[in-house]
Amino acid sequence: MTASVVICVYTEDRWTDILAAVDSVREQSCPALETLLVVDHNPALLDRLGKEFTEAADIRVLANRGPRGLSAGRNTGIAVARGEIIAFLDDDAVAERDWLRWFLDGYADPQVMAVGGRTEPIWASGRRPVWFPEEFDWVVGCTYKGLPRGKVKVRNVLGGNASFRRTAFDAAGGFATGIGRDGDKRPLGCEETELCIRLSRARPDAVLLMDDRAVIHHRVPAAREQFAYFRTRTYAEGLSKALVARSVGADKGLESERAYTSRVLPAGVARGVRDFVLGRAGGAGRAGAIVAGVATAAGGYVLGSFRARGGGAGSPGFSVVEIDRDDALGEAA
């Protein structure tokens, strides 16, 4: 099978990271058909990348054709991609050499519509902050404690390290705009969760997999190692979950989260308290961070639900994008 890799980029501050991400795709044991760099409303970066890869037959540099944000950027890549499988890689991450190989391995089953992988953090300080609980690694875009290990069926894959069969987008449409990151300072997310639930509804026979052999390493900048970012990101997650629940219903939209908050997080608090009692560094901090994370996410969800019902100013909105492949290919030509 053939695979296109989409990397959405938005700032020249990540220039070195972008080049490293591209290099990691080029070094795959199972080569990609193409790498698509989608630039999010940044003409200077678009021009610079165009010049950098002007002679590269395997790289295409594109401008985001939709509104500012990650969802529209991904939809731009989907629309022009030529591969049977479309994989997504964060612009500040590098993939291990067999990343694509394990993705493609999952599609041997024709019912598989999506395959995600494991994302490991690269901490700017060189190691995990002692207070930062592994149960909240999703805060920094990484695989968190509580997710199943191995090759297993899941409700949704995680967007920065994921792949989809092209026909998945024919069935469900593209990523919804207005849910994930859109250039605003608030770090929203969950666009891949909403898409995966929508896909499962459109294709009840669809299988979505997580294969933790498909590994990428994701850079965590120093600012995201701070508790202030932790609090902001968990609050934003609550806002995002409210939008997902509005789109697909609370039953499905919060199905995995109920198990996470009722089993995984209490166990994490207990471990933190135990470590504190035993005199181990960071135990109290980890327990406290879990409690604080739950509280701020819950607060965001309550406010987001109120706004989503039209109960206040700034009510968020989103729209599901149908992928117009013929139109996009015409423009690309």
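Residues numbered from 1 in each chain as written. Predicted model: local features only at pLDDT ≥ 70, side-chain atom pairs only at ≥ 80, totals over all residues. Heavy atoms only, no water.

The helix and strand inventory of the protein chain stands at 11 helices and 9 strands. Sequence-distant contacts, at least 24 apart, represent 79% of the contacts inside the protein chain between residues at least 6 apart. As presented, the protein chain carries roughly 14,500 Å² of accessible surface, and 53% of it is formed by carbon and sulfur atoms. (Helix = DSSP H or I, 4+ residues; strand = E, 2+ residues; numbered from the N terminus. Contact = heavy atoms within 4.5 Å. Areas by Shrake-Rupley, 256 points an atom, 1.4 Å probe, with all protein chains shown as cover.)

Of all 11 residues in helix 3 (residues 70-80), 10 are buried; the element is thus mostly enclosed. Of all the positions in helix 3, only Ser71, Ala72, Gly73, Arg74, Asn75, Thr76, Gly77, Ile78, Ala79 and Val80 are classed as buried. (Buried < 20%, exposed > 50% of the residue type's maximum accessible area, 1.4 Å probe, protein only.)

In this section: the pattern of salt bridges. Per the stated rule, a full pass over the model turns up 24 salt bridges. With a closest N to O distance of 3.7 Å, arginine 213 and aspartate 105 form a salt bridge. With arginine 213 in strand 9 (residues 207-220) and aspartate 105 in helix 4 (residues 99-106), this pair connects stretches of sequence that are 108 residues apart. Across the pair glutamate 194 and arginine 198 runs a salt bridge whose closest N-O atoms are separated by 2.6 Å. Remark: arginine 198 and glutamate 194 occur in helix 6 (residues 191-202); sequence separation between them is 4 residues, near one turn of the helix. A relative accessible area of 14% places arginine 198 in the buried class. One salt-bridge network, held together by shared partners, links Asp105, Lys151, Asp211 and Arg213. (Salt bridge = Lys/Arg side-chain N within 4 Å of Asp/Glu carboxyl O.)

Another point: helix 6. A rise of 1.5 Å per residue sets the reference length of helix 6, with its 12 residues, at 16 Å; its end C-alpha atoms lie 17 Å apart and thus fit the reference within 8%. With 9 of its 12 residues buried, helix 6 lies for the most part within the structure. For helix 6, the full list of buried residues reads Glu191, Glu192, Thr193, Glu194, Leu195, Cys196, Ile197, Arg198 and Leu199. (Expected span 1.5 Å × (residues − 1).)

All right, on to the packing of helix 1 (residues 15-26) against helix 2 (residues 43-52) then. Interaxial distance between helix 1 and helix 2 falls to 13 Å at its minimum, and their mutual angle equals 40°. As summarised for this structure, helix 1 and helix 2 are arranged oblique, according to the angle between their axes. Crossing handedness for the pair helix 1 and helix 2: right-handed. Where helix 1 approaches helix 2, its residues Trp15, Ile18 and Leu19 are matched on the opposing element by Leu45, Arg48, Leu49 and Glu52. Counted by class, the contact of helix 1 with helix 2 contains 5 nonpolar, no polar and 2 charged residues. (Axes fitted to C-alpha atoms, helices over the stretch in contact; angles between N-to-C directions. Parallel < 35°, antiparallel > 145°, perpendicular 65-115°, else oblique. Left-handed = near helix turned anticlockwise from the far one by under 90°. Nonpolar A, V, L, I, M, F, W, Y, C, P; charged D, E, K, R; others polar.)

Right, let's talk about the confidence of the model for the protein chain for a bit. The pLDDT averaged across the protein chain works out to 89; a share of 86% of its residues lies at or above 70. Considering only residues more than four positions removed or in separate chains, one finds that residues 311-317, a stretch of pLDDT under 50, has 14 contacts. (pLDDT = per-residue confidence, 0-100.)

Once that is clear, we can look at the environment of threonine 167. As for its position among the elements, threonine 167 is in helix 5 (residues 166-172). Expressed as a C-alpha distance, the spacing of threonine 167 and methionine 113, which sit 54 residues apart in the sequence, is 7.8 Å.

Core analysis: the largest hydrophobic core is formed by 33 residues, its most contacted members being Val5, Ile7, Val9, Leu37, Leu49, Leu89 and Trp99. In this structure, Leu62, Ile86, Ala172 and Cys196 belong to the second largest nonpolar core, which totals 26 residues. (Core = buried A, V, L, I, M, F, W, Y, C linked by side-chain atoms within 4.5 Å.)

Summed over all chains, the structure comprises 16 aromatic pairs. For the pair tryptophan 131 and phenylalanine 132, a centre-to-centre distance of 5.1 Å together with 40° between the ring planes defines the contact as tilted. We classify tryptophan 131 as buried; its relative accessible area is 19%. Ring centres of phenylalanine 227 and phenylalanine 230 lie 5.7 Å apart, and the angle between their planes is 20°; this geometry places the pair in the stacked category. Here phenylalanine 230 and phenylalanine 227 lie together in helix 7 (residues 227-248), a separation of 3 residues that amounts to about one turn. Using a relative accessible area of 34% as the deciding quantity, one classes phenylalanine 227 as partly exposed. One aromatic cluster is present, formed by Trp123, Trp131, Phe132, Phe136, Trp138, Tyr144, Phe227, Phe230 and Tyr260 through successive ring pairs. One cation-aromatic arrangement involves arginine 74 over phenylalanine 88; the distance from NZ or CZ to the ring centre is 5.7 Å. (Phe/Tyr/Trp six-rings, centres within 6.5 Å; stacked < 30°, edge-to-face > 60°. Lys NZ or Arg CZ within 6 Å of the ring centre and 35° of its normal.)

Let's shift gears to a nonpolar patch on the surface. Side chains of Val273, Phe276 and Val277 sit close together on the surface and give an oily, nonpolar patch of about 320 Å² of accessible area. For valine 277, the position within the fold is in helix 9 (residues 255-277). (Patch = residues over 30% accessible without salt bridge, like charges linked within 9 Å, V, L, I, M, F, W, Y side chains within 5 Å.)

Another aspect to go through is the pairing of strand 4 (residues 85-89). By the criterion of burial, strand 4 is predominantly enclosed, with 5 of the 5 residues buried. Burial along strand 4 is two-sided: Ile85, Ala87 and Leu89 facing one way and Ile86 and Phe88 facing the other are all buried. Judged from the 4 bridges that link them, strand 1 (residues 3-9) and strand 4 form a sheet pairing that is parallel. In the sheet register, serine 4 faces strand 4, and the bridge partner there is isoleucine 86. Looking at chain direction, strand 4 and strand 8 (residues 161-165) are connected through 5 bridges and run antiparallel. Directly across from isoleucine 85, in strand 8, lies its bridge partner arginine 165. (Pairing = 2+ DSSP bridges.)

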